[in-house]
Amino acid sequence: MPVNPTRLKPFELVRLVNSTPLGEALNERRLRRHRASAGARISDDGQTVNLIRYAAWLAETWLSQRERRTGLTYDERKEAARSRNVALALAGRDIGELPEVAHPETKAACRNDFRLFCENYFPEIFSLAWSQDHIKAISKIETAVLKGGLFAFAMPRGTGKTQLSETAAIWSMLYGHREFVCLIGATETAALEMLDSIRTELEVNERLEEDFPEVVFPVKCLDGIANRCAGQLYKGERTRISWTGNELVLPTIAGSPASGVVVRVAGITGRVRGMKYKRPDGRSVRPSLVIVDDPQTTESAGSLEQTRKRVRVLAGDILGLAGPGQKISGIMPCTVIRPGDMAEQLLDRKLHPEWNGERTKLIYQFPANTRLWEEYADIRADSLREDGDIARATEFYREHKDEMDEGAVVAWPERHNPDEISGLQHAMDLKLMDEAAFQSEYQNDPLPEDVGGETMLSRDEIASKVNGLAEGIVPLACDRLTCFIDIQKTLLYYAVTAWSGEFTGAVLAYGAWPEQRSRMFTLAQASPTIQDRFPNAGLEGCIYGALEALTDSLLSREWRREDGAELKIERLLIDANWGASTDVVYQFCRQCRWGGIVCPAHGRYVGASSRPMTEYRRQAGDRMGFNWMMPSIAGKRAIRHVIFDSNFWKSFVHSRLAVPLGDRGCLSLWGRRPDIHQQMADHLTAEYRVRTSGRGRIVDEWKLRPDRSDNHWLDCLAGCAVCGSMLGATMPEFGTPSPLKRRPAPIRLSEIASAKRREESVPASAGRQRIRLSDIQKQKK
């Protein structure tokens, strides 16, 4: 081990000084006197001695004694003292000669071999045998660092994907493969944790200290004191080392491939743009390797807007860090948290082929003998309850191992806990603890959010719910037509639905205004738009004009039923929730010629923790329905509107779609070809439900999938169902509202007095009857 001359214990110093051919020059008694005289000038902590400072102190003492003997003037002694202090300061700042490399052959062999570097310099971290998934990931990381390219990989929790990324950063820094490494985390705090891990390895890893003294020795000389960075010297030249909280700059040492390598951190939503560093030679360098570690949080994975923002930042800001004309290399370990989240999108080679995504699993094929594993689960649960361990379950598995392992394919057989005997047992234990977490964290294939409740229909199942009728033809069983319009900035989405009294329904027509040129379109790619139809109007004018044109077209039309009867739309609701359109929707409903049919509507998110609409207190003038209400007129808009529980009515629409054709309460689509309803099916499945409980009830809460953005026809069908309820349609399970009891008319005192006079006018012989209030009320009726 190399000796640190700046921190020698007294006996080590005596032994070192006396080891020269000159023989004994120092003993412990003399050293004790010198330490008492010099004090902190030769020791930082009072326990060790800095050999360089000790030698300088001895020289200074000798010179001062000589000056006193030579009789120098005061100014001459002052200048001599200043010169000595300068020399001492420079000597204290200079780190001296670098130690020799302990294993030059190993260091050279690991230059272009990342796997060998991990095995030789981090054996405590990578102690188990590599799996095939590890070898594949190491090969991709090596290619990304040495030759360039992007690589995203999702590996099970605990397989060391973050450690591989951090080690790749250290490898690229020490050998100078990359001049500027940028660490990106889901948050800046997460990125700083990666930097702290790298900093700790450079400070305490003895293997790195032995073979990379040009980097580690100057770091060790800092003793963890960042203020020493600015003054550190090597052979009289500044090392320009930086050791701050969010940046590392390796020491500038002549001949070192790692000289001046930079590492910086940032959160993916923080300040990423414009990273650069000016080197001592005047060159300005930009990041050439970016490591993006788990770029999403659980919250962002469930948010469409946050997912889009992070994907845009990654594609624009982060991959553009290298500057014009330069390509950046990237490594991104990640975990798929929810279907369609940022990680799943980037791992999809069809959507993002540039990232070369790899998705690995803990179990690639589950065992075939499910009966034995079910018995194992029961034994394991009993063992945990009674003994607090899984010893009995492990013994059962040992006895039936061959049968229970049959058909299973495990990614990493060596991974298991001390109380387990195989990687398969470990994986199945994780699955038994929490299957949903296992699918997400260890299989990178998260379960749908609604696994606990009713299974949602797929797009193909919804599109196939066709009734064979032509578009616009009303089924014979239906006798009331409803419509809902969903307002967006560039389009109006609408749906027209026919209902029977028992909520058997059929979608007669749906579309967008203006009519689109393509049958398959998205809101973001709409052409033409409302603004194209009204080029000289502002936003409010465009929406008003579009509503006028669409409502005139829908409400003036007669819809023919199968028996030849002509029906018209009886109720049309217009979504007034889109912020910029609320006032103009109310204005339109007040002024349009369809005032008795058209009404503004507000879908309200009523979650499990919210008070259900059935418990709302009815005020004077309110009209209450099943999970909808029409409050009394109040405020500046002065027009009645509808408020409904959007969660309930979306669940209601999906329940109606799940009813087989021909059964009561079924909702069907027009036509015979399922392929023409694919886009409608996309809208209806753009949201997923989360079954939650609160306030003593279980509620479906609907959330937009991160990979979808258009759900407008789902909103339209939910609104049409609300209209059907307003027109009297009901399901038997809803119950029929009991008729309201008419409040008895008030009885006036004059009426009581009149009845009393009539009683007194009757002769006593005829028999008088007692006055009753009920008799007076009957007379009033």
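Predicted model, so just to flag it, every value in this text is computed and none were measured.

Draft legend 1. Quick peek at the overall build of the chain. In terms of helices and strands, the chain carries 28 helices and 27 strands. By the burial criterion, 46% of the 781 residues in the chain qualify as buried. For the chain, the proportion of contacts with a sequence separation of at least 24, taken over those separated by at least 6, is 67%. When the accessible area of the chain is evaluated, it comes to approximately 39200 Å², of which 49% is carbon and sulfur surface.

Draft legend 2. Fine view of the confidence of the model for the chain. Per-residue pLDDT for the chain has a mean of 85; in total, 90% of the residues score no lower than 70. In the predicted structure, residues 735-743 sits below a pLDDT of 50 and forms 2 contacts with residues beyond four places in sequence or in another chain.

Draft legend 3. Geometry of helix α13 (residues 304-318). Between the first and last C-alpha of α13 there are 20 Å, a value that for 15 residues agrees with the 21 Å anticipated at 1.5 Å per step. Buried-residue contacts for α13 involve β2 (180-185), β10 (289-293), α12 (298-301), β11 (329-334), α14 (342-347) and β27 (697-704).

Draft legend 4. Up close: the packing of aromatic side chains. Per the counting criterion, the structure on display carries 28 aromatic pairs. Looking at Arg199, its charged tip hangs above the ring of Trp243, at a distance of 6.0 Å from the centre. Over the aromatic face of Phe652 sits the side chain of Arg656, whose NZ or CZ is 4.8 Å from the ring centroid.

Draft legend 5. Quick peek at the packing of helix α22 (residues 539-555) against helix α23 (residues 582-591). Relative to each other, α22 and α23 sit at 40 degrees, their axes nearing to 10 Å. It follows that α22 is oblique to α23 by the angle criterion. As α22 packs across α23, the resulting crossing turns out to be right-handed. The residues of α23 that touch α22, namely those facing Glu540, Ile543, Tyr544, Leu547, Glu548 and Thr551, are Val584, Val585, Gln587, Phe588 and Gln591. Partitioning the contact of α22 with α23 into residue classes produces 6 nonpolar, 3 polar and 2 charged.

Draft legend 6. Quick peek at the sheet that holds strand β25 (residues 667-669). With mixed pairing, 9 strands are arranged side by side in an open sheet as β22-β23-β24-β21-β20-β15-β16-β17-β25. Single-partner strands in this sheet number two, and they are β22 (623-625) and β25. Across this sheet, the average inter-strand angle for adjacent strands is 25 degrees, counted without regard to direction. Here 2 bridges tie strand β23 (residues 628-630) to strand β24 (residues 642-645), and the two strands are oriented antiparallel to one another. Within β24, the residue paired with Met629 across the bridge is Ile643. Its contacts with the sheet place helix α24 (residues 646-658) against β21 (598-604), β23, β24 and β25, and it is angled at close to 65 degrees to β24. With respect to the sheet, helix α26 (residues 712-726) is in contact with β15 (480-487), β16 (492-499), β17 (505-513), β20 (569-575), β22, β23, β24 and β25, its orientation differing from that of β16 by roughly 40 degrees.

Draft legend 7. Structural view of the nonpolar core. By size, the foremost hydrophobic cluster in this structure holds 49 residues, and its most contacted members are Phe117, Ile141, Leu183, Leu208 and Ile331. Broken down by element, the residue count for this core peaks at 7 residues, all from helix α8 (residues 161-174). Sequence-distant contacts of Leu208, defined by excluding residues within four places in its chain, comprise Phe117, Tyr121, Phe122, Ile170, Leu174, Glu201, Leu202, Pro213 and Val216. Core analysis: the second largest hydrophobic core is formed by 44 residues, Leu491, Tyr510, Ala601 and Leu684 among them.

Draft legend 8. Spatial organisation of the pattern of salt bridges. In total, this model carries 33 salt bridges according to the counting rule given. One salt bridge in this structure joins Lys140 and Glu358, with 3.4 Å as the shortest N-O distance. Of this pair, Lys140 sits in helix α7 (residues 132-146) while Glu358 sits in strand β12 (residues 358-359), placing them 218 residues apart in sequence. Note on Lys140: relative accessible area 27%, which makes it partly exposed. Judged by its relative accessible area of 18%, Glu358 falls in the buried class. Counted as one network, the salt bridges with shared partners bring together Lys140, Arg349 and Glu358.

Draft legend 9. Broad picture of the environment of Gln326. Along the polypeptide, Gln326 turns up in the loop between α13 and β11. Under the relative-accessibility criterion, Gln326 is labelled exposed at 53%.

Draft legend 10. Representation of the sheet that holds β11 in the model. Read across the open sheet, the 8 strands follow the order β5-β6-β7-β2-β10-β11-β1-β12; overall the sheet is mixed. Each of the sheet's edge strands pairs with one partner strand only, and the pair in question is β5 (242-243) and β12. Of the pairings in the sheet, the one linking β5 to strand β6 (residues 247-249) comprises 2 bridges and is antiparallel in character. In the strand pairing of β6, Ser242 is matched with Val249. Its contacts with the sheet place α8 against β1 (150-154), β2, β7 (262-267), β10 and β11, and it is angled at close to 160 degrees to β11.

What counts as what
Residues numbered from 1 in each chain as written. Predicted model: local features only at pLDDT ≥ 70, side-chain atom pairs only at ≥ 80, totals over all residues. Heavy atoms only, no water. Helix = DSSP H or I, 4+ residues; strand = E, 2+ residues; numbered from the N terminus. Buried < 20%, exposed > 50% of the residue type's maximum accessible area, 1.4 Å probe, protein only. Contact = heavy atoms within 4.5 Å. Areas by Shrake-Rupley, 256 points an atom, 1.4 Å probe, with all protein chains shown as cover. pLDDT = per-residue confidence, 0-100. Expected span 1.5 Å × (residues − 1). Phe/Tyr/Trp six-rings, centres within 6.5 Å; stacked < 30°, edge-to-face > 60°. Lys NZ or Arg CZ within 6 Å of the ring centre and 35° of its normal. Axes fitted to C-alpha atoms, helices over the stretch in contact; angles between N-to-C directions. Parallel < 35°, antiparallel > 145°, perpendicular 65-115°, else oblique. Left-handed = near helix turned anticlockwise from the far one by under 90°. Nonpolar A, V, L, I, M, F, W, Y, C, P; charged D, E, K, R; others polar. Pairing = 2+ DSSP bridges. Core = buried A, V, L, I, M, F, W, Y, C linked by side-chain atoms within 4.5 Å. Salt bridge = Lys/Arg side-chain N within 4 Å of Asp/Glu carboxyl O.

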